[in-house]
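Structural description and commentary
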Amino acid sequence: MIRRLRGLKALVHDAVDATTELVWVGHCSASSAVRHATDPVPGLRETVGAIEHARMATTRGVLDTICVVNRMVEGVTDVALDLSVGEPPTTPTPVILRSDAGGAALLGDAALGALNASVGDYLEREDNRLAVEMALRIGDRYVTRADAPGALANAAPRIAIFVHGLATTEWSWFLGAERFYGDPTVSFGTQLHADLGHQPIYVRYNTGVAIEENGAALAALLDAVLTDAPVEQVVLVGHSLGGLVLRSAGHHADAQGLRWPQQVRRVVYLGTPHRGAPLARFGEGVTRIFGQIPHPATRIISRILDNRSQSVKDLQNGAFPTDRLPIPHAQHCFVASTMTADPEHLFGQIFGDLLVPLPSASGSAQGSYHRFGGILHHELQNHPDVYATLHALCAEDAVTPG
């Protein structure tokens, strides 16, 4: 809790600086408009120019003073926190994995996931304590790159690794469990473990960081944790952005000759925007249009939108050529859905699962393709029909325990 408080405090101070910069952008835009209107008028150019120069100099001085005071307050309060509570622990306490989990812990975790999706790359650059560190959740503990060796020394022969999508955390794999199964503790992971013996492992990561950067980090983490582990078969499951992160990790592993892909049997992509997401492209278009309108308000909006996280920008067109898949010996499965019960319905064909259209989620002809109707984007993480497909794929090379 203290760690997040310190991160939030740092973010507030950063926001004050960012706000002063936006005020300056607005003043510059307004000044430009005034000069554009008065310069052609005889006798006004010099007078208005002098007034505007003085006004802008005064404004800049006030804004710089605000920034200096802001950072002085940050330094003083940091010292006060260090003296009062000391250095907070670096390992967060995991949120209980069940769909009816509630309270401040879950709300805080959900807010953290959303915040990282929005400005996660900025949080990481600033070494802000709110930036989520990539880790594997094994049971009720987080394993990072630093403590990965030996973490799976007692692992099951078969494991399933789940990578969540944008603006969420590993808790999202249990979303809707009580509604779908009448049991809030049921997920794809728990069912695969009970039915086929796959040990579930959940990836937790900063979804605002560039896909390539997350992919490289995941490849290195899996290499560290799977090296010398008694694991024979690995199934990788990625939802939405998580599927792109898996593809990136596979590409990095192939390029570096890492050993862990040799253990991978299947890669399953759930609603992954391999060819990009329309909403992300729309955001880029709005940013560009607003930036070209010579008005203070639109310039400020454009600047705010342009500061969205790199991963959101990456989602404009996907991240990889659709005809090249990593880990070529593994079987790749693409799962797509439509908002309409009939996948052939015109609206279903156009809008897909509301966030990812069918052509984008269909992936590549190199893998198998499964399409469902009446399932929304977020429901792909725990829907019974999708699990039936996942179970059938994993059962092909797994022996039911007992």
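Residues numbered from 1 in each chain as written. Predicted model: local features only at pLDDT ≥ 70, side-chain atom pairs only at ≥ 80, totals over all residues. Heavy atoms only, no water.

Attention now goes to the overall build of the protein. When helices and strands are tallied, the protein shows 13 helices and 8 strands. Relative to its full complement of 402 residues, the protein shows a buried share of 49%. Once local pairs closer than 6 in sequence are excluded, the contacts in the protein between residues at least 24 apart make up 81%. Total accessible area on the protein is roughly 18600 Å²; 61% of this is exposed by carbon and sulfur atoms. (Helix = DSSP H or I, 4+ residues; strand = E, 2+ residues; numbered from the N terminus. Buried < 20%, exposed > 50% of the residue type's maximum accessible area, 1.4 Å probe, protein only. Contact = heavy atoms within 4.5 Å. Areas by Shrake-Rupley, 256 points an atom, 1.4 Å probe, with all protein chains shown as cover.)

In this section: a negative patch on the surface. Together, E124, E126, D127 and E213 make up a negatively charged patch on the protein surface. Take D127: it is sitting in the loop between α3 (103-125) and β1 (135-138). For D127, a relative accessible area of 67% gives the class exposed. (Patch = residues over 30% accessible without salt bridge, like charges linked within 9 Å, V, L, I, M, F, W, Y side chains within 5 Å. Salt bridge = Lys/Arg side-chain N within 4 Å of Asp/Glu carboxyl O. Lys, Arg positive; Asp, Glu negative; His and termini not counted. Charge placed at Lys NZ, Arg CZ, Asp CG, Glu CD.)

Following both chains from N to C, one finds helix α6 (residues 211-226) and helix α7 (residues 241-256) inclined at 60°, their axes separated by 7 Å at the closest point. In terms of orientation, α6 lies oblique with respect to α7. Two packed elements cross with a definite hand, and for α6 against α7 that hand is right-handed. Along the contact surface, α6 presents I211, E212, N214, G215, A216, L218 and A219, while α7 presents L241, L244, V245, L246, S248, A249, H252 and A253. For the contact of α6 with α7, the per-class residue count stands at 10 nonpolar, 4 polar and 1 charged. (Axes fitted to C-alpha atoms, helices over the stretch in contact; angles between N-to-C directions. Parallel < 35°, antiparallel > 145°, perpendicular 65-115°, else oblique. Left-handed = near helix turned anticlockwise from the far one by under 90°. Nonpolar A, V, L, I, M, F, W, Y, C, P; charged D, E, K, R; others polar.)

This next bit is on the pattern of salt bridges. What the rule picks out here adds up to 9 salt bridges. Residue R204 is joined to D109 by a salt bridge in which the shortest nitrogen-to-oxygen separation is 2.7 Å. Of this pair, R204 sits in strand β4 (residues 199-204) while D109 sits in helix α3, and the two are 95 residues apart along the sequence. Given the relative accessible area of 4%, R204 is considered buried. Judged by its relative accessible area of 2%, D109 falls in the buried class. Residues R137 and E170 are paired through a salt bridge, measuring 3.0 Å at the closest nitrogen-oxygen approach. Taken together, the positions of R137 in strand β1 and E170 in the loop between β3 (158-163) and α4 (177-181) put the pair 33 residues apart, joining distant regions of the chain. Relative accessible area serves as the criterion here: at 1%, R137 is assigned to the buried category.

A separate point is the sheet that holds strand β7 (residues 331-338). Read across the sheet, 8 strands follow the order β2-β1-β4-β3-β5-β6-β7-β8 without closing on themselves; strand pairing throughout is mixed. Each end of this open sheet is capped by a strand with a single partner; those strands are β2 (141-143) and β8 (368-373). If you compare each strand with its neighbour and ignore which way they point, the axes differ by 25° on average. Across 6 bridges, the pairing between β3 and strand β5 (residues 233-239) is parallel. Its bridge partner being in β5, F162 is matched across the sheet by V237. (Pairing = 2+ DSSP bridges.)

Once that is clear, we can look at the packing of aromatic side chains. Applying the stated criterion to the full structure yields 7 aromatic pairs. Taken together, a centroid distance of 5.0 Å and an interplanar angle of 10° make the contact between Y269 and F334 stacked. Placement of Y269 in strand β6 (residues 264-270) and of F334 in strand β7 is noted, with a sequence separation of 65 residues between them. Both residues of the pair, Y269 and F334, belong to the buried class. Taken together, F162, W173, F174 and Y202 form an aromatic cluster joined through their ring pairs. (Phe/Tyr/Trp six-rings, centres within 6.5 Å; stacked < 30°, edge-to-face > 60°.)

The subject of this paragraph is helix α13 (residues 384-395). Across its 12 residues, α13 extends 16 Å between first and last C-alpha, which sits within 8% of the 16 Å expected from 1.5 Å per residue. Three or more residues of α13 are buried, namely V386, Y387, T389, L390, L393 and C394. Buried positions in α13, seen along its axis, are confined to an arc of 160° and lie on one side of it. (Expected span 1.5 Å × (residues − 1). Arc of directions from axis to C-beta.)

The next thing to look at is the packing of helix α5 (residues 188-196) against α13. Think of two packed helices as two axes; the pair is described by the angle between the axes and how far apart they sit. Where α5 meets α13, the closest approach of the two axes is 11 Å, and the angle between their N-to-C directions is 40°. It follows from the interaxial angle that α5 and α13 lie oblique. Classified by chirality, the crossing of α13 by α5 is right-handed. Of α13, the residues touching α5 (which contributes F188, Q191, L192, D195 and L196) are V386, Y387, L390, H391, C394 and A395. The residue makeup of the contact of α5 with α13, split by class, is 8 nonpolar, 2 polar and 1 charged.

This part is about a nonpolar patch on the surface. A cluster of nonpolar residues, L279, M339, L346, F347, I350, F351, L354 and L355, forms a patch on the protein surface that exposes about 800 Å² of accessible area. Its location among the elements puts L346 in helix α11 (residues 346-351).

Before going further, it helps to spend a moment on unusual backbone geometry. The phi dihedral of D127 falls on the positive side, at around 55°, and the residue is not glycine. With a phi angle near 55°, S240 is a residue other than glycine that sits in the positive phi range. Inspection of the secondary structure assignment puts S240 in the loop between β5 and α7. S240 sits in the buried class, given a relative accessible area of 11%.

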